[in-house]
Amino acid sequence: MARSESPIQPTGWLRLAVASVATAAGLAALLAGAAFALQAVTLPRPSRGQLIAAQTLRRLTGQDAVVSRALVRGRPVASVCVNVVVGPLGGDAHHVKASLLITGRRRLVETRFASYRAGSTLREEDGPLPTIRTALAGCPRALERRVGRFLDDRAPVAVDTVFLRGVRRLRLSFHRRDSGLSLIVDPRTFAPVAVRIPRVRTSWSYLAPAEPRDLASPSLRLPRRLRVIVKEEA
Amino acid sequence: MNAWLRERRAILTAAVGSRVLVLAAAAAGHRLHWPGGPVPVHGASTTHTLSILSYWDGVWYRTVAEQGYLLIPGRQSDPAFFPLFPIVLRALRGLGFSFLTTGILVANGAFVIGILAFYELSRRLLPADVARASALIAAFFPMSFVFSMTYPEGLVLAALTLALVFALDGRWTLSAVAGAAAALGRPEALFFALPLAAVAVSRSRVSGRRANGRAIGAAFAPLASVAAFPLYLGWALHNVSAWSGAQQAWGRSFELGGVVDAFHQLFEPGQTPWLWRDAAFCLIYLALIAAARRVGISWPWLVAAAALVLLPLASGTFMSDARFGVLALPAYWGVGALTRRRIVRLPVLVLSAALLVAGTMTIPLANP
């Protein structure tokens, strides 16, 4: 019985398949290259300062607690700041992320929306001062918000190299119409090591990650009534 | 040319007429200060007569066009938005219009081209009366107001439908370019690699050797184009995963249990009631995609459209599914199949137009 045979030999099929795959891959690679080039040529790129600031922000989002040292009216002042969750507050049943700042005997709780002095209860504090205090104390959430707002607005970020106690660091200077912030960061890890708010005319606050002994401090123990609404994050 | 236009006059009139309706509704909303309330997104323009068409994601596309991308860890940031629309806005800066005006002109112009191309596509796959009904309803579809916003959907509709028309005509290089452009506008265009591949396979017997390779290339073009975006972000931001990082901050991380979470979210206290609009449209799209099977639309098209509607639910929410679904082309064929008869089509068109106006005027209330 006669059998119909393909006019194309096996080697012909192979050559056809290789040619097809090569053409397809070539066309796809050409288009990917064109798409990349189109983006690279037309869209502006962020500045080096903005990229370093974004890395610093990434670092801050992973930080839970920080200790800071600053000179206030010529006297050294140390603070500890930890991430906490606050709620329920007043009629609001929700829990919100907050910073708990402890300076000596004073405790300050700061959320995105309000600041509270923590005594035996929480008392709301008005004005910009609590927010400035938490930023200067290097509270990760407060700094994160401040740096994030500058980046949201694409504020210019100047970068220069400085030497802090003989170690090379990067200084980031954020400027916007009515506000500014200076941060000194470690160029390897992008962790903030010092902070200053130029318009407030304060000195630099020097920051370091909190050690277990900092977090075991008796001043971090809140009164029982407050422990119900202010909880340290795991 | 005149004969070509005459034959498509009704489609062109519907496309332009529906855009006039949307622009008039947006202008009326601005003039009447209805609905009131605060501007939903920080940085959105409020002075332009058509301001509401630039709300929500429009602000982010403008930021990318003006300043490029920047991933801001822990916050909602712009690498979540694909680059085609900002690239076009930036390229047309020289015309002297604001980004808002340019965005509206581009989006609406592209939509008109998209509807004409969709009609051409439908004619190649369906009987003439269904093709015509599908294109008419697509022009007035209730969620089609998003094609008039400063969003990339209009551009993507045009590029995607042209890619598919070119593929059906065997013009593979043009199809590849248009498919790549569509995928650079919205990643959902990737799903249509499936029907493109199906067309390529079915045509392979009649194509020559070189055309065969180009056909496969055209099917892979959207994938190649989508891949170019993270590569660009890797080069510009030193972060190849910036897109997925930004998506997470927008609550768009995909999980296996996401679909269940999406249903739970509907019933959570304090959720926006507009989520129900998205859920309702999700069901409508799925029903219409199923109806498209009645007119012989093949499985690759239906699977692509269903994936486009269903996959976003894996991120745990129905939010914006009504908008994502406007690119599920077989859904329009489904509605075309159901409204072949004029007596059915007319009331559906009137209802769609009314919902289109309502949808436009309520843009400030709900993220589409």
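Before reading further, recall that the structure is shown in the block above.
Residues numbered from 1 in each chain as written. Chains lettered and ligands numbered in written order. Predicted model: local features only at pLDDT ≥ 70, side-chain atom pairs only at ≥ 80, totals over all residues. Heavy atoms only, no water.

Attention now goes to the overall build of chain A. Secondary structure summary: chain A contains six helices and 12 strands in total. For chain A, whose C-alpha radius of gyration is 28 Å, the value lies well above the compact-globule estimate of 17 Å for 234 residues. The burial tally for chain A puts 44% of its 234 residues in the buried class. In chain A, the share of contacts with a sequence separation of at least 24, taken over all contacts with a separation of at least 6, comes to 49%. Element-wise, carbon and sulfur atoms account for 56% of the exposed surface of chain A, whose accessible area totals about 13400 Å². (Helix = DSSP H or I, 4+ residues; strand = E, 2+ residues; numbered from the N terminus. Rg over C-alpha atoms; globule rule 2.2 N^0.38 Å. Buried < 20%, exposed > 50% of the residue type's maximum accessible area, 1.4 Å probe, protein only. Contact = heavy atoms within 4.5 Å. Areas by Shrake-Rupley, 256 points an atom, 1.4 Å probe, with all protein chains shown as cover.)

On to the pattern of salt bridges, then. Residues and elements named next belong to chain B. Counting across every chain of the model gives 18 salt bridges over all chains. Taking the shortest distance from any N to any O, the salt bridge between arginine 340 and aspartate 129 comes out at 3.1 Å. Taken together, the positions of arginine 340 in the loop between helix 16 (329–338) and helix 17 (342–361) and aspartate 129 in helix 6 (residues 128–140) put the pair 211 residues apart, joining distant regions of the chain. One salt bridge in this structure joins arginine 186 and glutamate 188, with 2.7 Å as the shortest N-O distance. Here glutamate 188 falls in the buried class, since its relative accessible area comes to 7%. (Salt bridge = Lys/Arg side-chain N within 4 Å of Asp/Glu carboxyl O.)

Our next topic: the interface of chain B and chain A. Of the residues lining the interface, 45 residues belong to chain B; the matching set on chain A comes to 33 residues. Across the chain B to chain A interface the summed buried area is about 3300 Å²; carbon plus sulfur atoms make up 69%. Here chain B and chain A share two salt bridges between them. Between A:Arg154 and B:Asp78 there is a salt bridge, with its nearest N and O atoms 2.3 Å apart. (Buried area = accessible area lost by both parts, 1.4 Å probe.)

This structure, assessed with the given rule, holds 24 aromatic pairs over all chains. Ring geometry for B:Phe118 against B:Trp333: centres 5.7 Å apart, planes inclined by 15°, an arrangement best described as stacked. With B:Phe118 in helix 5 (residues 99–125) and B:Trp333 in helix 16, the pair connects residues that are 215 residues apart, well separated along the chain. Relative to B:Trp235, the ring of B:Tyr232 lies with its centre 5.9 Å away and its plane at 50°, an arrangement referred to as tilted. Of this pair, B:Tyr232 and B:Trp235 both sit in helix 10 (residues 209–237), three residues apart, roughly one helical turn. Assessed through its relative accessible area of 0%, B:Tyr232 is described here as buried. Given the relative accessible area of 35%, B:Trp235 is considered partly exposed. Members of the aromatic cluster, each reached through a chain of ring pairs, are A:Phe36, B:Tyr69, B:Phe82, B:Phe229, B:Tyr232, B:Trp235 and B:Trp243. Here A:Arg45 stacks its cationic end above the ring of B:Trp235, 4.0 Å away from the centre of that ring. Its end group placed over the ring of B:Phe111, B:Arg19 keeps NZ or CZ at 3.8 Å from the ring centre. (Phe/Tyr/Trp six-rings, centres within 6.5 Å; stacked < 30°, edge-to-face > 60°. Lys NZ or Arg CZ within 6 Å of the ring centre and 35° of its normal.)

Turning our eyes to something else, we now look at empty space enclosed by the protein. Residue and element names in this part refer to chain B. One pass over the full model with this rule turns up one cavity of 30 Å³ or more. Taken as a whole, the largest cavity encloses approximately 30 Å³ of empty space. Every residue along the wall of the largest cavity is listed here: Ile115, Phe118, Ala138, Phe147, Leu157, Val326 and Tyr332. Class assignment for the residues of the lining of the largest cavity results in seven nonpolar, no polar and no charged. (1 Å grid on protein atoms, 1.4 Å probe; cavity = no way out; pocket = protein on both sides within 12 Å on 5 of 7 lines; lining within 4 Å. Points joined across faces, edges and corners; volume = space filled by probe spheres on them. Nonpolar A, V, L, I, M, F, W, Y, C, P; charged D, E, K, R; others polar.)

We now examine the side chain of A:Ser179. Residue and element names in this part refer to chain A. For serine 179, the position within the fold is in strand 9 (residues 179–185). The exposure class assigned to serine 179 is buried, which follows from its relative accessible area of 16%. Not counting residues within four places of it along the chain, the set of residues in contact with serine 179 comprises Phe150, Phe174 and Arg199.

Moving on to the layout of surface pockets. Residues and elements named next belong to chain A. In this structure, the second largest pocket encloses a volume near 820 Å³. Val72, Val77, Thr103, Arg106 and Arg133 are, among the 27 residues lining the second largest pocket, the residues nearest its centre. Contributions of two or more residues to the lining of the second largest pocket are made by strand 1 (65–72), strand 2 (75–86), strand 3 (96–103), strand 4 (106–111) and helix 3 (129–136). If one sorts the elements of the lining of the second largest pocket by residue count, strand 1 sits on top with five residues. In the lining of the second largest pocket, the residues fall into 12 nonpolar, seven polar and eight charged.

Any two packed helices are characterised by how steeply their axes cross, that is the angle between the axes, and by the distance between the axes. Residue and element names in this part refer to chain B. Contact geometry of helix 13 (residues 275–292) with helix 14 (residues 299–310) gives a least axis separation of 10 Å together with a crossing angle of 175°. On the basis of the axis angle, helix 13 is roughly antiparallel to helix 14. Across the interface between the two elements, Cys282, Tyr285, Leu286, Ile289 and Ala292 from helix 13 touch Leu302, Ala305, Ala306, Val309 and Leu310 from helix 14. Tallied by class, residues from the contact of helix 13 with helix 14 come to 10 nonpolar, no polar and no charged. (Axes fitted to C-alpha atoms, helices over the stretch in contact; angles between N-to-C directions. Parallel < 35°, antiparallel > 145°, perpendicular 65-115°, else oblique.)

Bringing the state of the cysteines into the picture now. In protein chemistry, a disulfide is the covalent bond that joins the sulfur atoms of two cysteines. All names here are of chain A. Under the criterion given, the structure shown has one disulfide over all chains. Covalent S-S linkage joins cysteine 81 and cysteine 139, the inter-sulfur distance amounting to 2.0 Å. Judged by the sign of its S-S torsion, about 110°, the cystine formed by cysteine 81 and cysteine 139 is right-handed. On the criterion of sequence distance, the pair formed by cysteine 81 in strand 2 and cysteine 139 in the loop between helix 3 and helix 4 (140–152) is long-range, its members being 58 residues apart. On the basis of relative accessibility, which here comes to 1%, the residue cysteine 81 falls in the buried class. Judged by its relative accessible area of 0%, cysteine 139 falls in the buried class. (Disulfide = S-S within 2.5 Å.)

Moving on: the pairing of strand 3 of chain A. Residues and elements named next belong to chain A. Strand direction decides the pairing type here: strand 2 and strand 3, joined by eight bridges, are antiparallel. Counterpart to valine 82 in the pairing with strand 3 is leucine 100. Bridge analysis of strand 3 against strand 4 gives six bridges, and the strand direction is antiparallel. Paired with serine 99 across the strands is glutamate 110, a residue of strand 4. Count of turn residues in the strand 3/strand 4 antiparallel hairpin: two residues, of which glycine 104 carries a positive phi of about 60°. (Pairing = 2+ DSSP bridges.)

A general feature of soluble globular proteins is that nonpolar side chains tend to end up buried together. Residues A:Phe174, A:Leu183, B:Leu121, B:Met143 and B:Leu329 are the most contacted members of the largest nonpolar core, which totals 160 residues. With 12 residues, the top contributor of residues to this core is helix 5 of chain B. With residues near it in sequence (within four places) discarded, A:Phe174 still touches A:Ala53, A:Val147, A:Phe150, A:Pro156, A:Val157, A:Ser179, A:Gly180, A:Leu181 and A:Leu183. In this structure, A:Ala65, A:Val109, A:Leu122 and A:Ala210 belong to the second largest nonpolar core, which totals 19 residues. (Core = buried A, V, L, I, M, F, W, Y, C linked by side-chain atoms within 4.5 Å.)

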